[in-house]
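Summary of the model geometry
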Amino acid sequence: MCRSIKTLRPPVLPTEATEEGIHAAALQYVRKVSGFRAPAAHNREVFDAAVAAVARATAELLGGLEVRGHVPRAVTEAEERP
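What comes next is a walk through the structure. (Residues numbered from 1 in each chain as written. Predicted model: local features only at pLDDT ≥ 70, side-chain atom pairs only at ≥ 80, totals over all residues. Heavy atoms only, no water.)

Counting its secondary structure elements, the protein contains three helices and zero strands. Start at the N end of the protein and walk to the C end: the helices and strands fall as α-α-α. Per-residue burial over the protein gives 17% buried out of 82 residues. The contacts of the protein with a sequence gap of at least 6 include a subset with a gap of at least 24, amounting to 63%. (Helix = DSSP H or I, 4+ residues; strand = E, 2+ residues; numbered from the N terminus. Buried < 20%, exposed > 50% of the residue type's maximum accessible area, 1.4 Å probe, protein only. Contact = heavy atoms within 4.5 Å.)

And the structure:
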């Protein structure tokens, strides 16, 4: 499919996925599926809406995944606080 989309979950990624990384992956996906690198002006609104929808779905997916052997960063940071 999209070979340039990187895996965004630990342990493949050393930290949690960033909003920028999620958006970049969503943009690559929509470009691949639509066949447009940059849509014409009359398609821009639907293209951008699709990128936003895919990014939301990706963030929801990553937030809900349980990766065995990986402790979420929020948990480790909370444990480090006195």
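Read on, since the account is not over.
Side chains that are nonpolar tend, in soluble globular proteins, to be buried together. By size, the foremost hydrophobic cluster in this structure holds nine residues: Leu8, Ile22, Ala25, Ala26, Leu27, Val30, Phe47, Val51 and Ala55. When contributions to this core are tallied by element, the ones reaching two or more residues are helix 1 (19-34) and helix 2 (44-64). It is helix 1 that provides the largest number of residues to this core, a total of five residues. The contact partners of Val51, leaving out residues within four places of it in the chain, are His23, Ala26, Leu27 and Val30. (Core = buried A, V, L, I, M, F, W, Y, C linked by side-chain atoms within 4.5 Å.)

Under the 1.5 Å per step criterion, the end-to-end length of helix 2 is 30 Å for 21 residues, consistent within 8% with the ideal 30 Å. Regarding helix 2, the residues found buried are Phe47, Val51, Ala55 and Thr58. In an axial view of helix 2, the angular spread of the buried residues amounts to 75°, which keeps them on one side of the axis. Seen from the buried face of helix 2, the exposed residues on the opposite side, beyond 90 degrees, are Glu45, Val46, Arg56, Glu60, Gly63 and Gly64. In the core, the buried residues of helix 2 are packed alongside helix 1. (Expected span 1.5 Å × (residues − 1). Arc of directions from axis to C-beta.)

Along its 16 residues, helix 1 runs 22 Å from first to last C-alpha, staying within 8% of the 22 Å computed at 1.5 Å per residue. Residues of helix 1 that are buried sit in contact with helix 2.

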